[in-house]
Structure formats: structure tokens, C-alpha cells
Protein chains: 4
Amino acid sequence: MRRRLIGVVGSSRGTEAQLRLAYEVGQLLAQRGAVLLCGGMTGVMQAAAQGAREAGGLTIGIMPGANAYESPPNEFIEIALFTGMREGRNYLIACASEGLIAIGGGYGTLSEIALGLRMGKPVVLLDSWQFHIAGEPVEVLTAHNAHEAVELLWPRLPHQP
Amino acid sequence: MRRRLIGVVGSSRGTEAQLRLAYEVGQLLAQRGAVLLCGGMTGVMQAAAQGAREAGGLTIGIMPGANAYESPPNEFIEIALFTGMREGRNYLIACASEGLIAIGGGYGTLSEIALGLRMGKPVVLLDSWQFHIAGEPVEVLTAHNAHEAVELLWPRLPHQP
Amino acid sequence: MRRRLIGVVGSSRGTEAQLRLAYEVGQLLAQRGAVLLCGGMTGVMQAAAQGAREAGGLTIGIMPGANAYESPPNEFIEIALFTGMREGRNYLIACASEGLIAIGGGYGTLSEIALGLRMGKPVVLLDSWQFHIAGEPVEVLTAHNAHEAVELLWPRLPHQP
Amino acid sequence: MRRRLIGVVGSSRGTEAQLRLAYEVGQLLAQRGAVLLCGGMTGVMQAAAQGAREAGGLTIGIMPGANAYESPPNEFIEIALFTGMREGRNYLIACASEGLIAIGGGYGTLSEIALGLRMGKPVVLLDSWQFHIAGEPVEVLTAHNAHEAVELLWPRLPHQP
């Protein structure tokens, strides 16, 4: 049976609080049987992968470089998919994920949130970006802790064909 | 001599005011000898291409589809580069542009702004997104009219090697 | 620990003999602990995935479409990575694989062989293309059965950093 | 009106004879009003771009690197589209070209030929690869000089919508 793929995106640095959130999100996703998809680097990506692995989950890193010398995967990545496409890999993460959880984040994370929303994926934000257009806030699903993030995401995931 | 490539990104719809801004930006870029790079579709992309063409400029559309049936280029696109990569083409626009001007915009535009900023490109916003992180606004170059947008962008473009 | 990723590429149809080869290659790769990377569709891709799964291995399909309606993964694909990049996904398969085995094949397979060789990956052919340039045959690793293919490939795989 | 895009692919080295063929093909394409699409590097790509430019044509290089430091365009490239996608750019060349002429070539060229054929594009070979499958030669359009290559290609180009 095909496995659910959930993307966790976030900064390669991340604050202590964000790393803790990422770890917990990774754990919860693994406990629900989902595969963790992430950018494979440090910070939020690493903490989420660690959480998933320590809960027995499978972790996939969609890497920007063409090999491990160019973009070394963090030690909790079981499957490193080297793309050689740099930030183009942000599109791949958004496209391959059935839903996304964004934690903290820089501009790379912002691009993944935007691409996910553009493609109609459910995206839940945790201590992350807020957007306004024409002075008005744009509503995006926002959670206050890891549990809430996963609870918000789950019913919005597509049914698998 | 190599030509400068400037990306103009924005919504496939766009308000009257945004389309007028896009038209003017297209004109100004053509007058400075730059090639207009855009998504090749309707709305802001079309208005910018019209402005550029009517000022004698060259226009390139980086199209999401693999051919003109899948993603018909607007009539002001002289060179339609079909990518078959959908939203992955947003990355290509950001990567190939030396600088970007964003006008209005939906999530696709937001992704192009974010990818441009992530790659260190100068990005100028015109009646477009505003971002906050942790409650604090993030400063991005913002202009109030087409002239100001081009004036802000120009000195920040990289020197060509 | 990171898993080895081996690509098996081949036609979406494939003769009886090629499907049997693909099944055996899939089995052998799984027995060696490698993850099977393939295009996720029918024919050689499906037979290889079936072989890998029935030997307890993990299978990843790098899909051309953006979702399962556009490009339905075969039933032996455990992880379907939808790329929305069509034939662009052939590049991704070649880039992400540490080594490739090509079985039979049409032009898509030919492109994957060529991209793999271009990127310096070890590529082993099984009942597949032969190339000449300027009338001279170009030597590519060629095997006569599944065992030989895996035996030829293995010592040529890169050491993981 | 939209311009025709014709891809010329070939080795970054190329023999004297191949460079002369590429130069002539570039000239002929420009004389027919087509835009030359190529990989933007040295060898066949440079000779074709030189021919096109010296006949007054427009030249586009789809570059593998993300900027001119990573992949310097040859001096006859007027529009350098930096993709940062490396060999993934081979797919983009094949996808964006309405037809392709391949001259000489290494594995990169072979991948572009295969991708073009896979996508149903007319592809004409000039002193380039020959393929066999199951011992049988596979027929691909083959020309003996630049004029013949362009004459073979032209009637097979798609009508523009």
C-alpha cells in the first residue's frame, strides 16, 4: 500500500522552540504511519527527521545538491534524493507532499508554503510567516503546538486514489 | 553582448491599477534595453509583456505547460519557452532573472518573490504582499509606482561578468 | 544509516523476457538492502518494483505527473514522488540513483541511460540499447542476466560519504 | 508574433567538421527567422550560436549553472537563461524546442536526442549517434550536411497554434 508523504519545511537554523516543535511534529507523523518529506538539511529539517526516526518512521530528504558532498544530508535522513536542482527542489517538496507543516522559516520556507498553497495542498503554519495583501491579513491554517498542527492537517489530506 | 533579463511576476488576474503598473513597468524595462521575463500567461504577465513590446522590447514567457495547448502564451510573448514543469517554472523565472518586480499577486507570485529573495536577487514589490515573521514586518524593497520600482531595482542589479 | 538508491529504468511495455529480468533485478537489489528507484509506471518499472517488494524491499517511483490521477503509480510502489515534471523526471531518476540498470527500453530509457552516463554513474544494460558514434560501437557495461547485472554494478557504486 | 525555437545540441568539444556544420546550421536557422536554442557552452553550441548571430539571428542559451560564474555562456549567446538545474537543463532544451538538430556529441547530446524523440519532436542527426536495439538499427532522421538537416526538419515542425 502506498505511504502518505507529509512535508515538513522550515529554516536550516530555527530557534530552540522551533526545533522542539519540529521534533514533535516528526514524531507524530511517524506515529500516524506517514513518511516524512523534508529538505534534508539542518535546523528544522534535521529536528523533524530525528523525531520521525526515533518514533520508527521513514525519512526522505529532497536535497538541493547533486551528491552528498554538495549537500550533506543530516544524519536522520534515511533516503537522500539528490536533485542537483537547488531551490528548484523546494518545488519538488511542495509537489510531492500531500500536506505540509511549516515551522519558523526563512525565504526558502516561505517559497515552499506559497508553492504548496498554490498547488492546493493543505498547509499548516507553526510559529511561521504571516502574510498580508493590500493591508489585509491572508488566512492560513495556523497551529499553536505540534499536536494541533497534525490535527489540523489530517482531515484535510486528500483521499488516496 | 548579453542582454539583461528582468522578471516581472504577478497575478494572472490583477486589478485595473495593477495591470496599468505592469504595463508601465514593461515599457520602462524595454526602454532600458532589458528583456522581459515573465510567466507568459494573462493578467500582470500580459500587461507587462504588452508594455514591453509596445516600447520595442523583447518578451520571454517561461510557460508552465509543455506546449501552447496546455498553456497558451499571451499575444505579447515573442519567445515562449515551454517547460512542462508547472509551478516548477516559478523557480526557473526566479533563477533566470537578474532582478524581479512583483505586482499584486497570488500564491504563485508569493513563491516567486520568496525564491528570488532566497537566491539573493533584488526584488521590488508594487502593490503586493507584505510579510511578518514572529509578529514583526520583514522589510522588502517596496515602490509606489512603476518609475520608482525600476529606479529601486536598477542599482541593485549584479554586474555582468 | 542512509540507504543505497539504485535506479532500474526500462520501457513501460517490455517483453516477457524483459519483465522477468526486471523482476529478478528488483529481487536481487532488495536482497542487498538497496532501495529501488524507478519511474513508477507499468512494464519494466512495475516488474522491478514487484520483485523488490516481494523480496521485502522498499520501492520509490519518481512519477511524471503531479498526482495519482495524472500518473497512477503501479501497485508495487510504496512511495510515489509526484514531480509534475514529465520527462524532466528522467533527469531526477538519473541524478538520485547511485547506479542504474537499464532493461529493454524506448527513448525514455535511452535518455536515462545517457543522463546517467553523462553524470558519471555506473550504468549496466540488460537487453537494451547499443550505441555507435562515427560508426564505432561505444562500450557500455552489458550483462546477460539479472545476477550478472547486479554483480557488474555493485563494485562500481560510489562509497557513501 | 511568436518566434520559432529550434534547438541545436552537440558536444562541448566537437571536431573541426562538426563545428563547421554547427556554424552553417546556425546561419540557416537565423536566415529562416528561427531563434536558436542551445546549451550555451563551448564547441557545437558556440559554433551554432556564432553562425546564428552572424546571420542576424537571436540566440538563447539554457545554461546548467545558476549564474555566469558557474557556467559562462559563450560570447555568441544573447540571452543566457541560467537554470541551476545542470543536466536537468537538457530536458528543458528538448521540451522548449519545436525541433532539434544534433551534431556530433557525447552523452549529454544523446540524452537530448532521446528526450526530444520521447516527446515526439522532430530530431535530425548530423554526424552523430546511431542506435540499435535488439541488434536492429533504429531509424532516426539523418542528414549529410547543414542544408539537408534544415530541409529535413522544416516540414516536420508543428504548426503554431
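Reading the values: the criteria
- Residues numbered from 1 in each chain as written.
- Chains lettered and ligands numbered in written order.
- Predicted model: local features only at pLDDT ≥ 70, side-chain atom pairs only at ≥ 80, totals over all residues.
- Heavy atoms only, no water.
- Axes fitted to C-alpha atoms, helices over the stretch in contact; angles between N-to-C directions.
- Helix = DSSP H or I, 4+ residues; strand = E, 2+ residues; numbered from the N terminus.
- Left-handed = near helix turned anticlockwise from the far one by under 90°.
- Contact = heavy atoms within 4.5 Å.
- Nonpolar A, V, L, I, M, F, W, Y, C, P; charged D, E, K, R; others polar.
- Buried area = accessible area lost by both parts, 1.4 Å probe.
- Polar contact = N/O pair within 3.5 Å; in protein donor to acceptor, adjacent residues only side chain to side chain.
- pLDDT = per-residue confidence, 0-100.
- Pairing = 2+ DSSP bridges.
- Expected span 1.5 Å × (residues − 1).
- Buried < 20%, exposed > 50% of the residue type's maximum accessible area, 1.4 Å probe, protein only.

Q: I tried to follow the packing of helix α1 (residues 16-31) of chain A against helix α2 (residues 44-54) of chain A on my own but got confused; where do I start?
A: For any two helices packed against each other, one specifies the inter-axial angle together with the distance between the axes. All names here are of chain A. With their axes 6 Å apart at the nearest point, α1 and α2 run at an angle of 35° to one another. In the crossing of α1 with α2, the sense of the turn from one axis to the other is right-handed. Residues Gln18, Leu19, Ala22, Tyr23, Gly26, Gln27 and Ala30 of α1 lie in contact with α2, whose contacting residues are Val44, Ala47, Ala48, Gln50, Gly51, Ala52 and Glu54. Considering only residue class, the contact of α1 with α2 consists of eight nonpolar, five polar and one charged.

Q: Explanation requested: the interface of chain A and chain B in the structure shown.
A: Contact with chain A, which involves 28 residues of that partner, is made by 28 residues of chain B. Looking only at chain A, the three residues that lose the most surface to chain B are Glu87, Tyr107 and His132 of chain A, adding up to 25% of its buried area. Applying the counting criterion to the chain A and chain B interface returns five residue pairs in polar contact (both at pLDDT 80 or more). Breaking the side of chain A that touches chain B down by element, the ones donating at least two residues are α3 (88-96), α4 (107-118) and β7 (129-133) of chain A. Broken down by element, the residue count for the side of chain A that touches chain B peaks at eight residues, all from α4 of chain A.

Q: When you look at the confidence of the model for chain A in this model, what are you seeing that I'm missing?
A: Low-pLDDT stretches of the model should not have their predicted coordinates read in fine detail. Confidence in the prediction of chain A, expressed as mean pLDDT, is 96, and 99% of residues score 70 or more. Predicted as a complex, the structure gets a pTM of 0.97 and an ipTM equal to 0.96.

Q: Even after reading the chapter, I still don't get the environment of histidine 144 of chain D, so can you show me in this structure?
A: Checked against the element boundaries, histidine 144 of chain D lands in the loop between β9 (142-143) and α5 (146-153). Separated by 18 residues in the primary sequence, histidine 144 of chain D and leucine 126 of chain D place their C-alpha atoms 6.2 Å from one another.

Q: Whenever I open this one, the sheet that holds strand β2 (residues 35-38) of chain B confuses me. Can you help?
A: Sheet strands pair via backbone hydrogen bonds, and the direction of the pair is either parallel or antiparallel. Residue and element names in this part refer to chain B. The strand order across the open sheet built from seven strands is β4-β3-β2-β1-β5-β6-β9, with neighbouring strands paired in parallel fashion. Only two strands of the sheet have a single partner each, and these edge strands are β4 (79-82) and β9 (142-143). In the sheet, strand β1 (residues 5-10) pairs with β2 via three bridges, with the strands oriented parallel. From the neighbouring strand, leucine 5 faces β2, where its bridge partner is valine 35. Across the sheet, helix α3 (residues 88-96) touches β1, β2, β3 (59-63) and β5 (99-103), and the angle it forms with β3 is around 145°.

Q: Which parts of the structure should I look at to understand helix α1 (residues 16-31) of chain B?
A: For an α-helix the count is 3.6 residues per turn, leaving residues at separations of three or four pointing the same way. Residue and element names in this part refer to chain B. An ideal rise of 1.5 Å per residue puts 22 Å on 16 residues; α1 measures up with 23 Å between its terminal C-alpha atoms. Taken residue by residue, α1 has Gln18, Leu21, Ala22, Val25, Gly26, Leu28, Leu29 and Ala30 as its buried positions. Elements in contact with the buried residues of α1: β1, β2, α2 (44-54), β5, β6 (123-126) and α5 (146-153). Backbone geometry just after α1 places glycine 33 at a positive phi near 85°.

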